Amino acid sequence: MTDSNITQRKQDHIHFLLQDAEIERGQSGFERIRLTHRGLPECDFADIDSGTDFLGKPLSSPLLISSMTGGAAATLQAINRRLAEAAESAGVAMAVGSQRAMIQDPQARASFELRQYAPTIPLIANMGAVQLNYGFGLDEAQRMVDVLEADALYLHLNPLQEVIQPEGNTNFAQLTDKIAQLAEALPVPIILKEVGCGLSARDIELGLSAGIQWFDLAGRGGTSWSRIESHRAHSSQLASLGETFQDWGLTTPQALLQARPFQDRAHFIASGGIRNGIDMIKSVIMGGQICGVAAPLLKPAMDSTAATLATIEQLKQEFRTAQFLLGAPTLADVFLNDSLIEP
């Protein structure tokens, strides 16, 4: 694939996400989880504390701006800069989109040079795990981490997207061993991440066997990358395949349930279909230490840093309000507290 094609692909993704309302699936499963309201919460809203630590750094709220984009185009660079500036102001974490573009096109590097805009928050670099079967290794991963000055590296798993994508890489054979080798050599933690179909218990077991301790479960119900890629398909067969599989996978609540037996050995990020602070608090109750949000921040980031910051602060306020109404003044009162969910 040529360098210009990778940047165009990133722009195509944003275009179709904004143009096709059906890409936002709205089937996350969070709506079926009911929480126990407290009319007598026995706490002061002013004292509600949503703070936590992530990758050795403090956060004001368990919120991560999930991976979105990056590339040589000025629009992509502007989006990432605004996201980084807003994340720094709000005291939340940020992950970038796939950095493969910067390996193949030096002009894409600037869209990932974000530490200057976000000096104190956790930043997460991003590489497709399947690229370990297509010539990428420690050198490329280290360059991605170095450019971002990242605190961790996402290795994203997207087998469905790669099958539908016209230029997809579909050899996922024997990746666990290569992930293990990279995890041992890389000086920052690797976070194994799905992109919208969820991680199963077996995926977590394989990750643990490779030395991975952090997992981003990224369930279905939010952005459907299968449907996005169906718009880019070069044949009616692939387009149809993308639509058929647009709702494939585990929801985030289902993935959190599968992750429950591993809570003593691993840490989990809940993402996929999280659209407000109530979804966030449900995720924390079910075992997500951090909550990843992407799609709700795209339009604001295309507008301004101020608009992005306002959206983040709204999510934080919704989360704090839910804490208050549950009578749970700290995250420790929320995390894995099943008594907060109505039977």
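This one's a predicted model, so the numbers in the text were calculated from it and none came from an experiment.

A. Expanded view of the nonpolar core. Ile65, Met94, Met127, Leu153 and Leu155 are the most contacted members of the largest nonpolar core, which totals 82 residues. The dominant element in this core, judged by the number of residues it contributes, is helix 2 (residues 74-90), at seven residues. Not counting residues within four places of it along the chain, the set of residues in contact with Leu155 comprises Met127, Ala129, Leu132, Ile179, Leu182, Ile190, Ile191, Leu192 and Lys193. Listed in part, the twelve residues of the second largest apolar core include Ile124, Ala152, Tyr154 and Trp214.

B. Just helix 2, in detail. Given a rise of 1.5 Å per residue, 17 residues ought to cover 24 Å, and the 24 Å separating the end C-alpha atoms of helix 2 matches this to within 8%. The complete set of buried residues in helix 2 reads Leu76, Ile79, Asn80, Leu83, Ala84, Ala86, Ala87, Glu88 and Ala90. Following helix 2 by one or two positions, Gly91 has its phi on the positive side, about 75°.

C. Main features of the pattern of salt bridges. Following the criterion strictly, the structure yields 16 salt bridges and no others. Among the ionic pairs, Glu229 bridges to Arg232, the shortest N-O distance being 2.8 Å. With Glu229 and Arg232 both in helix 8 (residues 225-232) and three residues apart, this pair spans about one turn of that helix. Among the residues examined, Glu229 registers a relative accessible area of 0% and is labelled buried. Arg232 sits in the buried class, given a relative accessible area of 12%. One salt-bridge network, in which partners are shared between bridges, spans Glu22, Arg25 and Asp247.

D. Seen up close, helix 13 (residues 305-325). Over its 21 residues, helix 13 runs 30 Å from end to end, which matches the ideal 30 Å to within 8%, given 1.5 Å per residue. Taken residue by residue, helix 13 has Thr308, Ile312, Leu315, Lys316, Phe319, Arg320, Ala322 and Gln323 as its buried positions. The buried residues of helix 13 all sit within an arc of 160° when viewed along its axis, so they share a single face.

E. Here's a closer look at the sheet that holds strand 3 (residues 63-65). Taken in spatial order, the eight strands close into a barrel running 3-4-5-6-7-8-9-10, and their pairing is parallel. The sheet shows a mean angle of 25° between the axes of neighbouring strands, direction not considered. Alignment of strand 4 (residues 93-95) against strand 5 (residues 123-128), held across two bridges, turns out to be parallel. Bridged to Ala95 within strand 5 is Ile124. The sheet contacts of helix 7 (residues 201-209) involve strand 7 (190-194), strand 8 (214-216) and strand 9 (267-271), and relative to strand 8 the element is tilted by about 145°.

F. Up close: the environment of Cys43. Take Cys43: it is sitting in the loop between helix 1 (3-19) and strand 1 (52-54). Between the alpha carbons of Cys43 and Pro329 there is a distance of 6.7 Å; along the sequence they are 286 residues apart. Sequence-distant contacts of Cys43, defined by excluding residues within four places in its chain, comprise Ile48, Phe324, Gly327 and Pro329.

Cut-off values and rules
Residues numbered from 1 in each chain as written. Predicted model: local features only at pLDDT ≥ 70, side-chain atom pairs only at ≥ 80, totals over all residues. Heavy atoms only, no water. Core = buried A, V, L, I, M, F, W, Y, C linked by side-chain atoms within 4.5 Å. Buried < 20%, exposed > 50% of the residue type's maximum accessible area, 1.4 Å probe, protein only. Helix = DSSP H or I, 4+ residues; strand = E, 2+ residues; numbered from the N terminus. Contact = heavy atoms within 4.5 Å. Expected span 1.5 Å × (residues − 1). Salt bridge = Lys/Arg side-chain N within 4 Å of Asp/Glu carboxyl O. Arc of directions from axis to C-beta. Pairing = 2+ DSSP bridges. Axes fitted to C-alpha atoms, helices over the stretch in contact; angles between N-to-C directions.

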